[in-house]
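So you can see what is in the structure, the chains are spelled out below.
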Amino acid sequence: MKARLRRLLGTPLHPLLERDIYLSHRDLPEVLDRYERGDPFFLYTGRGPSGEVHLAHLLPFELSSYLQQKLGVEFWVQVTDDEKFLFQGALSLEETRRLGRENLLDLLALGFDPKKTHILFDTASIRSLYPLALKVAKRVTYSTAKAVFGFTPQNNIGSIFFTAIQSVPAFLPSARAGRPVPCLIPCGIDQDPHFRITRDVAEPLGYPKPALIHNRLLPGLSGEEKMSSSAERKDGVIFLNDPPEEVDRKLSRAFTGGRASVEEQRRLGANPEVCSVWALWRSRFAPDPKEFAEITRTCRSGELLCGECKRRLIPRVQQFLGEHARRRADVERWVDSAIVDGPPGGTA
Ligand code: SF4
């Protein structure tokens, strides 16, 4: 698959593709075939606004930004403020809406073409979402939703209907164009079940089955398998709004694949595959393939020690966050005009 992507996108591929952070897919060749026959696909990914954005949240947006720049395709993003309100008891709707807009600024600051970016902000874009959501909902039984998402009698009824809302962005561009428009969804591998229902109902509704491309999960800095909300509680994530001293503190304490002593590491080398610092080098902080290969080689050989490795990484992360904050301010100028049906109002 990578050879085919290199022919289409150029060499080297984005590190996320070249270094197997995107590791699996569903129906990607079909979407590429159609693109090469002059039938472009659109990208769709989403964000559930339950808190601030951290580095792991960037992965699907970073791939989307790269593919939009390379192929000029349209990008649709869904902000599920309704989902986080329904599923997370402690969050008010006002808060998920506020977080949704803040998160959008963070994610779109990775670089998107405002003319080709469309935002479905669920509670604001509901006029466009609802008719299609009804068509999806009519085809999904409660027992299917229960089997996929594990609903229990304690779940509120809104969370069950949300399944239909989440499917709509995969079909809306086709509905608007009046012809089938292929869809590619970049998402974390753990999100794959969420799109099972979307793929199941696509063809019965007359739309193409959306293709998926899955990223592996970025590990937490405290050694967790995933940079997630449980990692957040243990300083295991880097937020995009972390100040430089916080980045320094978190990375200095990050879990590594190093040995118990310097002597042992010099002698036996370290294990980058289990290291949260190496995962950051791999994802975005060593874009030069030669530098990344050198970090990996010297880590394994024991020439590079973890303290030095972290000291090299910290200023890279700080610089990225500083530049990102400036780009975020640019997005503020156009984000509201990209929200389908207009931005969320002041009252929920
Ligand atoms: S040298 Fe760097 S990449 Fe290797 S285990 Fe230590 S911190 Fe991780």
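Small disclaimer: the values here were computed from a predicted structure and weren't measured.

**Q** Report on the packing of helix 15 (residues 276-285) against helix 17 (residues 306-331), specifying residues and quantitative values.
**A** For any two helices packed against each other, one specifies the inter-axial angle together with the distance between the axes. In the contact formed by helix 15 and helix 17, the axes pass within 11 Å of each other and the chain directions differ by 40 degrees. With respect to each other, helix 15 and helix 17 are oriented oblique. In this structure, helix 15 meets helix 17 at a crossing whose hand is left-handed. Two secondary-structure elements touch here, helix 15 through Val 277, Leu 280, Trp 281, Arg 284 and Phe 285 and helix 17 through Cys 309, Lys 310, Arg 312, Leu 313, Arg 316, Val 317 and Phe 320.

**Q** Got a sec to walk through the domain arrangement of the chain? Specific residues and values, please.
**A** According to the domain assignment, the chain consists of domain 1 (2-219) and domain 2 (229-327). The gap between the C-alpha centroids of domain 1 and domain 2 is 29 Å. Contacts between the two partners involve 18 residues from domain 1, matched on the other side by 22 residues from domain 2. Three residues, Arg 19, His 54 and Leu 55, lead the burial of domain 1 against domain 2; their summed loss comes to 38% of the area buried on that side. For the pair domain 1 and domain 2, the interface holds one salt bridge.

**Q** So what's going on with the nonpolar core? Which residues, and what values?
**A** Counting 71 residues, the largest nonpolar core has Leu 55 and Ile 119 as the members making the most contacts within it. Looking at which domains feed residues into this core, each of domain 1 (2-219) and domain 2 (229-327) supplies at least three. Those residues in contact with Ile 119, other than ones at most four positions away along the chain, are Val 77, Val 79, Leu 104, Leu 108, Ser 125, Val 335, Ala 338, Ile 339 and Val 340. Counting 28 residues, the second-largest nonpolar core is a separate cluster that includes Trp 76, Leu 129, Val 168 and Leu 212.

**Q** Help me get a handle on the sheet that holds strand 1 (residues 22-26), residues and values and all.
**A** With respect to topology, six strands assemble into an open sheet ordered 1-6-5-2-3-4, the strand pairing being mixed. With one partner strand each, in any of the chains shown, strand 1 and strand 4 (117-121) form the two edges of the open sheet. Sheet twist, expressed as the average angle between the axes of neighbouring strands with direction ignored, equals 20 degrees.

**Q** Could you give me a rundown of the site of the ligand, with the residues and numbers involved?
**A** In the vicinity of the ligand, the contacting residues are Thr 256, Gly 257, Gly 258, Ala 270, Cys 275, Val 277, Trp 278, Cys 299, Leu 304, Cys 306 and Cys 309. Taken atom by atom, the bulk of the ligand overlaps the largest cavity. Grouping the constituent residues of the shell around the ligand by class yields eight nonpolar, three polar and no charged.

Criteria and thresholds
Residues numbered from 1 in each chain as written. Predicted model: local features only at pLDDT ≥ 70, side-chain atom pairs only at ≥ 80, totals over all residues. Heavy atoms only, no water. Axes fitted to C-alpha atoms, helices over the stretch in contact; angles between N-to-C directions. Helix = DSSP H or I, 4+ residues; strand = E, 2+ residues; numbered from the N terminus. Parallel < 35°, antiparallel > 145°, perpendicular 65-115°, else oblique. Left-handed = near helix turned anticlockwise from the far one by under 90°. Contact = heavy atoms within 4.5 Å. Domains from an automatic or database assignment. Buried area = accessible area lost by both parts, 1.4 Å probe. Salt bridge = Lys/Arg side-chain N within 4 Å of Asp/Glu carboxyl O. Core = buried A, V, L, I, M, F, W, Y, C linked by side-chain atoms within 4.5 Å. Buried < 20%, exposed > 50% of the residue type's maximum accessible area, 1.4 Å probe, protein only. Pairing = 2+ DSSP bridges. Near = heavy atom within 4 Å. 1 Å grid on protein atoms, 1.4 Å probe; cavity = no way out; pocket = protein on both sides within 12 Å on 5 of 7 lines; lining within 4 Å. Sits in = over half its atoms within 2 Å of the grid points. Nonpolar A, V, L, I, M, F, W, Y, C, P; charged D, E, K, R; others polar.

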